[in-house]
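Results of the structural survey
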Amino acid sequence: MSVWGTGILNGMRISFRNLLRGPITVKYPHEKVELPERSRWAVEIVRDEDGSHRCTACLACERACPDYIIRIDVTTGEDRSKHIDRWGYQIGACMMCGLCVEACPFDAIRMGHDYELARFRPEELDVALLTDTPAAGPKRKAADTPADRPERTPVQEAAQAAPESEQDAPREPEHD
Amino acid sequence: MDPRHLVEHAGWLTDTPPTDVGFVPASLRRAPMGVDALDTERLIVNMGPQHPSTHGVLRVLLELDGEEVVAAESVIGYLHRGIEKLAEHRRYNAVGTLMDRGDYVSGIHNELAFALAAEAIMEIEVPRRAQWLRVLMAELNRIASHLVWYGTFGLDTGAMGQFLYAVRDREALLDILEDVTGQRMMFNYVRPGGVVADITPTAVEKIHAFLSTIDTHLDEHDQLLGGNEIFQGRVRGVGTIDLETAIAFGLTGANLRASGLGFDVRKDRPYAAYDEMDFAVPMSSDGDCLARYLVRMGEMREAVRIVRQCIEGLPEGEFMAKVPKVLRPPVGEAYAAVESPRGELGVHLVSDGSDTPYRMRYRPPALYALQAAEAILPGTLLADAVVILGSVDVVLGEIDR
Ligand code: SF4
Ligand code: SF4
């Protein structure tokens with residue numbers, strides 16, 4: 001072993017060297033780092049240029065969510081058209097896993113980049129992403145959505161290819 | 001370890017009704033609290049549940065004779081979330097979200113173990129690119145995990161600054177992982193059949209940037225902590241686990257390799273693309289805390305080597321096999337193990353043909369490490385107890401699951 005104390009001196013040398021370089025942190029919230037494209041934060045509704053949504057109220061996302069926190073209230077009219085009363089999403093219980101987005105066959109939702117999710121009151125954690133709006137017609141399949149939609153993963157491709165019967169009947173949430 | 005409190009209320013386990021004696025945890029019953037001929041009384045010290053060195057919420061009951069530990073008993077379960085039971089109510093592609101939260105420092109390995117088990121039942125052929133991506137992500141995650149261990153181990157031994165150096169490097173790794181998987185720790189990336197998404201060009205750039213600095217940074221780490229004489233004096237010869245004890249307790253991973261047995265799941269039962277990788281398995285036969293430190297530091301360098309090979313030789317192709325949206329494995333069972341940063345992480349999966357597992361058993365390597373540490377604690381000094389618990393690298397999320 002070397003002379004006792006050289007290790008300590010070495011450590012000080014490294015500390016001193018690091019003293020001379022610039023900071024590697026940023027002063028949040030004054031500065032923010034840019035999130036990578038794929039970052040998964042709160043779920044949001046995808047809007048087309050004209051502000052319309054693409055949700056057909058097929059409830060695939062509701063079934064896919066492992067936390068059972070999406071709740072879509074739908075009324076079906078006499079002509080079998082669907083009307084979304086409330087697209088409920090409990091932001092506080094969401095773990096941002098992205099399974100609902102993968103399950104959506106119409107790319108109607110995406111994982112947003114809003115990570116400042118603190119709220120002042122607990123009620124604000126239960127958000128309605130859509131209220132009182134007619135569901136998009138099933139003709140708006142992903143095939144004729146604008147070209148700027150995100151690239152599909154094979155999971156989603158498989159979801160599209162799968163016939164309706166492959167998907168399960170709505171599961172009763174086991175926890176109640 | 002007394003697991004009874006997991007199923008019964010601790011107060012019910014005492015012979016006398018709790019009202020007479022106050023709240024007496026069951027495990028204290030065994031400790032003698034006696035007075036010997038010299039009138040010396042033994043002291044019971046509760047280390048934890050929120051002690052900085054317990055790396056999570058672990059409570060260790062230490063019976064002290066002066067500065068010396070006479071008996072040690074760990075009380076676990078503070079972080080119990082019932083992952084194994086919850087998995088019985090999750091579809092196969094959603095179990096990864098639970099596995100991430102087991103050993104939260106190395107999520108990719110946890111997901112991978114589950115995916116391998118599910119693939120073994122379903123006999124899915126995973127594309128080669130997916131296998132390589134799995135290895136790449138797993139090794140990046142291994143470095144990140146070892147860096148956390150390295151940082152906190154320094155804190156346990158009394159060093160402070162090097163923790164920040166470790167976090168600096170881990171930050172770069174988490175940026176890469178976030179770029180590819182979408183999140184920094186709860187990846188949900190490895191699924192039965194492959195991986196969810198391909199690597200991004202920005203991530204490749206970040207990996208190259210990381211690889212260009214990591215070697216000097218690892219040298220820096222070696223000098224900051226490993227080269228420090230105070231640290232060496234603090235860990236050399238402390239907490240020796242001999243090979244026999246290590247095997248008897250079922251230790252795996254770096255803890256076992258530091259005790260002199262070169263068992264590594266990546267080499268002995270290769271999974272994913274590890275059979276195509278060229279890497280060495282660092283070993284030592286001293287079995288003390290310094291040996292465990294050196295083995296882990298060596299593993300980081302090997303992991304960097306594997307990352308280099310992955311990024312250079314990443315094969316083209318699909319990153320996900322064609323699998324149905326709702327996975328329904330046939331009736332059967334399978335055990336799959338991966339070499340997580342803490343050791344052999346196994347998943348035993350039983351399928352009854354439905355879309356959720358019938359039973360999932362999760363083998364957390366840190367549980368066995370904790371029991372071995374508990375066994376070697378008697379006879380050591382109180383200050384060393386902290387170092388020993390730190391050196392075996394326990395993560396309580398995994399132990400309590
Ligand atoms: S991100 Fe995950 S937890 Fe959140 S709503 Fe979607 S499926 Fe549910
Ligand atoms: S279209 Fe998408 S967002 Fe709307 S209910 Fe179906 S899966 Fe959910």
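Residues numbered from 1 in each chain as written. Chains lettered and ligands numbered in written order. Predicted model: local features only at pLDDT ≥ 70, side-chain atom pairs only at ≥ 80, totals over all residues. Heavy atoms only, no water.

**Notes on the confidence of the model for chain A**
Which entries qualify depends on this criterion: Looking at any residue, its pLDDT shows the predictor's confidence there, from 0 to 100. Residue contacts are counted whenever heavy atoms from the two residues lie within 4.5 Å of one another.
Averaged over chain A, the pLDDT score is 75; the fraction of residues at 70 or greater is 76%. Here residues 140-176 of chain A scores under 50 on pLDDT; set against residues more than four positions off or in separate chains, the count is 57 contacts.

**A word on the packing of aromatic side chains**
Residue and element names in this part refer to chain B. Defined as follows: Any two rings among Phe, Tyr and Trp, with Trp reduced to its six-membered ring, count as a pair given centres within 6.5 Å; such a pair is stacked if its planes are under 30 degrees apart, edge-to-face if over 60, and tilted if neither. Secondary structure is summarised from DSSP: a helix means a run of H or I of at least four residues, a strand means a run of E of at least two, and numbering begins at the N terminus for each. Buried, partly exposed and exposed residues are distinguished by accessible area as a fraction of the type maximum, computed with a 1.4 Å probe on protein chains only: under 20%, between the cut-offs, and over 50%, respectively.
If you walk through the whole model with that rule in mind, you get 9 aromatic pairs over all chains. For the ring pair Trp149 and Phe153, a centre distance of 5.0 Å and an interplane angle of 15 degrees mean the geometry is stacked. Of the two residues, Trp149 and Phe153 are both situated in helix H6 (residues 128-157); the distance of 4 residues between them amounts to about one turn of the helix. Considered together, Trp149 and Phe153 belong to a single accessibility category, that of buried residues.

**A closer look at the interface of chain A and chain B**
You'll often see interface size given as the accessible area lost when the parts meet. So the rule is basically this: Buried area is understood as the total, over both parts, of accessible area removed when two parts are fitted together, assessed with a 1.4 Å probe. When a carboxyl oxygen of Asp or Glu is within 4 Å of a side-chain nitrogen of Lys or Arg, the pair counts as a salt bridge. Each residue is assigned to one of three groups, with Ala, Val, Leu, Ile, Met, Phe, Trp, Tyr, Cys and Pro labelled nonpolar, Asp, Glu, Lys and Arg labelled charged, and all others, Gly among them, labelled polar.
Taken together, the contact pairs 43 residues of chain A with 43 residues of chain B. Carbon and sulfur atoms supply 51% of the area buried between chain A and chain B, which totals about 3,300 Å² over both sides. Our count for the chain A to chain B interface comes out at 2 salt bridges. Note that Glu220 of chain B and Arg17 of chain A form a salt bridge whose closest N and O atoms lie 3.2 Å from each other. Elements represented by at least two residues in the side of chain A that touches chain B include exactly helix H1 (6-19), helix H3 (99-103) and helix H4 (154-161) of chain A. If you tally residues by element for the side of chain A that touches chain B, the top one is H1 of chain A, at 10 residues. Its residues placed into classes, the side of chain A that touches chain B shows 20 nonpolar, 11 polar and 12 charged.

**Re the sheet that holds strand S3 (residues 82-90) of chain A**
Residues and elements named next belong to chain A. Put simply, the test is: Here, strands pair whenever DSSP counts at least two bridges between them. In this analysis an axis means a line fitted to C-alpha atoms, helices contributing only their contacting stretch, and an angle means the value between N-to-C directions, from 0 to 180 degrees.
An order of S2-S3-S5 is seen for the 3 strands of this open sheet, with the pairing classed as antiparallel. Looking along the sheet, the strands with just one partner apiece sit at the ends: strand S2 (70-76) and strand S5 (126-134). Going across the sheet, the axis of each strand differs from the next one's by a mean of 10 degrees, ignoring polarity. In this structure, S2 lies alongside S3, joined through 7 bridges in antiparallel fashion. Each bridged residue has a counterpart across the sheet, and for Val74 the counterpart in S3 is Ile84.

**Some thoughts on the site of ligand 2**
Heads up, the condition is: Here a residue is considered near a molecule or strand provided that any single heavy atom belonging to it is located within 4 Å of it.
In the region of ligand 2, 14 residues are neighbours, and Cys55, Cys58, Leu59, Cys61 and Cys104 of chain A sit closest. Along the lines of polarity and charge, the residues of the shell around ligand 2 split into 13 nonpolar, 1 polar and no charged.

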